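Take a look at the letters that make up each chain.
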Protein chains: 2
Amino acid sequence: MTASSSNINNSTPYSPNMTDNKIRIGLFGFGTVGQGVYQILDKAKNSHAEIKHICVRDINKQRNIHPREGLLTDNASDIFDDPDINLIVELVDNADASYQIVTTALRRGIPVVSGSKAMIARHLPELIELQHTHHTALLYDASSCGSIPVIRNLEEYYDNDLLLEVKGILNGSSNYILSRVFDHGEDYADALHRAQTLGFAESDPSFDIEGYDALFKLIIITVHALGSYVAPEDIFTCGISNIHDADIQYAREKGAKIKLVAQVAKVSDEAFTMFVMPELVEKSKYIYSVDDEYNGVVIRGECYDRQFMFGKGAGGLPTASSILSDIMARLHHYRYEYKKMTYLDRPIYTTDIDVRVYIRYSDTDVPAALQFNKIIELHLTEQSNYLIGEIPLRRLIEHRDLFSAPDVFIANIPVFFIDRDN
Amino acid sequence: MTASSSNINNSTPYSPNMTDNKIRIGLFGFGTVGQGVYQILDKAKNSHAEIKHICVRDINKQRNIHPREGLLTDNASDIFDDPDINLIVELVDNADASYQIVTTALRRGIPVVSGSKAMIARHLPELIELQHTHHTALLYDASSCGSIPVIRNLEEYYDNDLLLEVKGILNGSSNYILSRVFDHGEDYADALHRAQTLGFAESDPSFDIEGYDALFKLIIITVHALGSYVAPEDIFTCGISNIHDADIQYAREKGAKIKLVAQVAKVSDEAFTMFVMPELVEKSKYIYSVDDEYNGVVIRGECYDRQFMFGKGAGGLPTASSILSDIMARLHHYRYEYKKMTYLDRPIYTTDIDVRVYIRYSDTDVPAALQFNKIIELHLTEQSNYLIGEIPLRRLIEHRDLFSAPDVFIANIPVFFIDRDN
């Protein structure tokens, strides 16, 4: 058979009835991402989706993009009570409002696409239950890594128990800052300021640079990677705000960069661990080359070794393109099945594993307080001290307050928990 | 809400009835990948899939892996006539046999997972029609890039008309050879021999190194990227077997590597082009760092810019892990919808676009025969000549015989067909 290309181009071997299958959207929030979704739906001519109402707090606020006449409202009922609306897209920048909108919609059986990672990470068990009880769907691929389809791939493609580890740079803002520091020799303070000017970091940047943004993404990823939910307060999370010239110098001498890395990994057949921490990343690692505002995720499993996915992790349009993918998935009634939550012998979360870390400190009581299992290297000078040591992750959580002191900086030195021959 | 992790670990918020939903497989072929699938199903405890029969040509052949007693058969009816079997996995190393098995299964309404890219690329329009007519499914993600989920992502996640380009290193064997040449300074002949010894290249390696393997993958990718099928003979395809020290030297002087690259790209809103050709890849490109037997694919679109996916593109177990993903997708009755084939204003295939190429030749009639639109650089020596010029892709197809002469080597120098501001 040698069908000519022109014949095939003109035939339509598949014709699902899509013309009467149209997504009519009620949009909550019209900030950067909301405006991106509005723009992108104009470009995507075949999307079979239109926005019917946009609900905002203040309809008179000055905006760069002016939606069509009659679209804006400040009354949520215009969306909830419109029987034509078959999808709610929730892009509100306030976790409480976001929770109200999403749970109200799900209780009424209206499917939702949401980008509110903090809210989702805190309430995921309840949100899964609501989807189940009310036979509806909540999609949130945009909530993790902007335009990289991590959730969808973990849910659909890595839909088996061969997965060993998901690890990556999940926050674009902190990565941008570290990239300015390591690749452009800027001061941390200058780099942070530049990130804020470019709109990568919020005016209160602590969400990004203290690791919470990456943490929330990691919690969501873990549900789809291993079928287990772990609450934010049970996970060791440390950011980059205490980074100092001495740390940068140390990393450079080792030919490494410091990056803020989130990871979940099986530590045995029965258990897994997870944490967010700066890491000394060697040149040979895939994530070493993830620079600027990009995100990169490594998925490691038995039999397939490593997969690496890389793309823009921040910004209005990249995130909006991910929202568009979720919107279009609803054309085909797609929902997450959370299949791994029903697996037999799911691994259990543990913090009883040793991690190897670099710690820089000035107060010499720090190592004593932490009680390292093993100190591999100790370096004491008049300016500052550092050590390389092994310590149970549990103990880092118990002493997490130590790491908020500005003279203490911790970075993971990665070890393999499971290194099975592939 | 702060649900503790242990509570959630023990609850099962979703309980699809999977226990009586089991995949019972009839496997055709028990070579490297077939054996990989057999091994991997043992490891994936929650796969809900088992092999019922394995049909091979010669049941007495010596094999490294011995399947359980009673599984092997040389009678295809043992599979086709077993009403218990609800999935056929076809991993046969012969395109005609593969075509017979797949079409027979589809006509009987039995879903199929296949890894036979050459057969699928040649017969895809008919195979789509058969799926439609007989209300069944053919999945083939393993056919493109081994363990990288390219097809599934193009079909499901990049399910919109923002896509501009898919470009990548799709053949592990030729990439391994070029990697030995560029990164380890080996001779081409030595590198080829080493690839054969390691099992990356077949004893007849022309399929890999002449670009046909990449071509077949590109044809399949294009159906899922843009909704259009183009037959193999209509696509310019040139491999790496004529590479010479002079070409390697030229690339090195430019700080580039030569890689075998397959690409499909929109050249305007109305048209797209596609080809397989060696390319001079600059250091700044994502695919520059795709070395050894790895594959890497860049997906570029409006609004999301570039996504890069990277992983093992060859080998029994990585390919088998991709087959496993397709098997498990059938647990949820997944099928490709070929949605983009129904899009309005789909772009039309064209070869009426100019490409910029490097050509090395000894016979000085070569440039005259090709009739370049523009010659940018011309370099003549006693040993060999090269030029950089611009030429319509159509003319390369018309004169494709020229490139089989051992003294002629062509490499693409990439230009952007569409470079919209993202």
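Parameters at a glance
Residues numbered from 1 in each chain as written. Chains lettered and ligands numbered in written order. Predicted model: local features only at pLDDT ≥ 70, side-chain atom pairs only at ≥ 80, totals over all residues. Heavy atoms only, no water. Least-squares fit on C-alpha atoms with pLDDT ≥ 70 in both. Contact = heavy atoms within 4.5 Å. Buried < 20%, exposed > 50% of the residue type's maximum accessible area, 1.4 Å probe, protein only. Helix = DSSP H or I, 4+ residues; strand = E, 2+ residues; numbered from the N terminus. Pairing = 2+ DSSP bridges. Buried area = accessible area lost by both parts, 1.4 Å probe. Salt bridge = Lys/Arg side-chain N within 4 Å of Asp/Glu carboxyl O. Polar contact = N/O pair within 3.5 Å; in protein donor to acceptor, adjacent residues only side chain to side chain. Nonpolar A, V, L, I, M, F, W, Y, C, P; charged D, E, K, R; others polar. pLDDT = per-residue confidence, 0-100. Expected span 1.5 Å × (residues − 1). Patch = residues over 30% accessible without salt bridge, like charges linked within 9 Å, V, L, I, M, F, W, Y side chains within 5 Å. Areas by Shrake-Rupley, 256 points an atom, 1.4 Å probe, with all protein chains shown as cover. Phe/Tyr/Trp six-rings, centres within 6.5 Å; stacked < 30°, edge-to-face > 60°. Axes fitted to C-alpha atoms, helices over the stretch in contact; angles between N-to-C directions. Parallel < 35°, antiparallel > 145°, perpendicular 65-115°, else oblique. Left-handed = near helix turned anticlockwise from the far one by under 90°. Bend = angle between axes of the 7 residues up to and from the residue.

### Details of the relation of the copies chain B and chain A
By a simple turn and slide, chain B fits onto chain A: the slide is 0.0 Å along the axis, the RMSD is 0.0 Å, and the turn is 180°. What we have between these two chains is a two-fold relation. Proximity to the rotation axis, assessed at the C-alpha, singles out Met 309 of chain B in chain B; its C-alpha lies 2.3 Å from the axis. Interface overlap between copies is the fraction of interface residues in one copy that are interface residues in the other; for chain B against chain A it reaches 100%, indicating a shared surface.

### Considering the pairing of strand 16 (residues 385–392) of chain A
Residue and element names in this part refer to chain A. Counting buried positions over the 8 residues of strand 16 gives 8, a clear majority of the element. Judged by which residues are buried, strand 16 turns out to be covered on both faces: Asn 385, Leu 387, Gly 389 and Ile 391 on one side and Tyr 386, Ile 388, Glu 390 and Pro 392 on the other are all buried. Across 8 bridges, strand 14 (residues 354–361) lies against strand 16 in antiparallel orientation. Paired with Ile 359 across the two strands is Leu 387, which belongs to strand 16. Of the pairings in the sheet, the one linking strand 15 (residues 374–380) to strand 16 comprises 6 bridges and is antiparallel in character. Bridge pairing in strand 16 places Leu 378 opposite Leu 387.

### Things to note about the interface of chain B and chain A
Between chain B and chain A, the contact holds 81 residues from the first and 83 residues from the second. Roughly 7100 Å² is buried in total at the junction of chain B and chain A, and carbon and sulfur atoms are behind 55% of that figure. Summed over the shared surface of chain B and chain A, the result is 4 salt bridges. When the shortest N-O distance is used, the salt bridge between Glu 302 of chain B and Lys 43 of chain A registers 3.5 Å. Where chain B meets chain A, there are 19 residue pairs in polar contact (both at pLDDT 80 or more). For the side of chain B that touches chain A, the secondary structure elements donating two or more residues are helix 1 (5–10), helix 2 (32–43), helix 5 (117–133), helix 6 (150–156), strand 12 (305–312) and helix 12 (316–331) of chain B. Of the residues assigned to the side of chain B that touches chain A, the class counts are 37 nonpolar, 24 polar and 20 charged.

### Focus on the confidence of the model for chain A
Scored by pLDDT, chain A has a mean of 90; 94% of the residues are at 70 or more. Here the prediction assigns the complex a pTM of 0.89, and the interface score ipTM is 0.85.

### Description of unusual backbone geometry
Despite not being glycine, His 333 of chain A has its phi angle at roughly 60°, a positive value. Checked against the element boundaries, His 333 of chain A lands in the loop between helix 12 (316–331) and strand 13 (348–349). Located in the positive-phi region is Asp 292 of chain B, a residue other than glycine, with phi close to 50°. If you trace the backbone, Asp 292 of chain B turns up in the loop between strand 10 (271–282) and strand 11 (294–301).

### Some words on helix 12 of chain B
An ideal rise of 1.5 Å per residue puts 22 Å on 16 residues; helix 12 of chain B measures up with 23 Å between its terminal C-alpha atoms. Of the residues flanking the end of helix 12 of chain B, it is His 333 of chain B, one or two places downstream, whose phi is positive at about 60°.

### With respect to a nonpolar patch on the surface
A surface patch of nonpolar side chains, about 300 Å² in accessible area, is lined by Ile 375, Leu 378 and Leu 380 of chain A. Within the secondary structure, Leu 378 of chain A is located in strand 15.

### Notes on the side chain of Asn 412 of chain B
Along the chain, Asn 412 of chain B falls in strand 17 (residues 409–412). Apart from the residues lying within four places of it in its own chain, the contact partners of Asn 412 of chain B are Gln 263, Phe 275, Met 277, Pro 278, Glu 279, Leu 280, Val 355, Arg 356 and Val 357 of chain B.

### Side note on the packing of aromatic side chains
Residues and elements named next belong to chain B. Tallied over the full model, the rule gives 37 aromatic pairs over all chains. Here Tyr 334 and Tyr 336 contribute two aromatic rings whose centre-to-centre distance is 5.9 Å and whose plane-to-plane angle is 85°, an arrangement assigned as edge-to-face. Summarising the burial analysis for this pair, Tyr 334 and Tyr 336 share the class buried. For the pair Tyr 336 and Tyr 338, a centre-to-centre distance of 6.0 Å together with 80° between the ring planes defines the contact as edge-to-face.

### So, the sheet that holds strand 6 (residues 138–139) of chain B
Residue and element names in this part refer to chain B. The strand order across the open sheet built from 6 strands is 3-2-1-4-5-6, with neighbouring strands paired in parallel fashion. Sheet topology places strand 3 (72–73) and strand 6 at the edges, where each strand pairs with a single neighbour. Two strands pair when backbone bridges link them, and strand 2 (residues 49–55) and strand 3 are joined in this way by 2 bridges, in the parallel orientation. What sits directly across from Cys 55, in strand 3, is Thr 73. Sitting on the sheet, helix 2 touches strand 1 (23–28) and strand 2, and the angle it makes with strand 2 is about 150°. Relative to strand 4 (residues 87–90), helix 4 (residues 95–107) is tilted by about 165°, and along the sheet it contacts strand 1, strand 4, strand 5 (112–114) and strand 6.

### What about the packing of helix 7 (residues 172–184) of chain B against helix 8 (residues 188–197) of chain B?
Residues and elements named next belong to chain B. Look at helix 7 against helix 8: their axes get within 9 Å of each other, and the N-to-C directions meet at 135°. Here helix 7 lies oblique to helix 8, going by the angle between them. Crossing of helix 7 over helix 8 shows right-handed handedness. Residues Tyr 176, Ile 177, Arg 180 and Val 181 of helix 7 form the contact with helix 8, whose own contacting residues are Tyr 188, Ala 191, Leu 192, Arg 194 and Ala 195. Of the residues in the contact of helix 7 with helix 8, the class split is 7 nonpolar, no polar and 2 charged.

### Re helix 5 (residues 117–133) of chain A
Remark: the principal bend of helix 5 of chain A, roughly 80°, maps to His 123 of chain A, with a proline, Pro 125 of chain A, within the next four residues. Taken across its 17 residues, helix 5 of chain A has 12 buried, putting it largely inside the fold.

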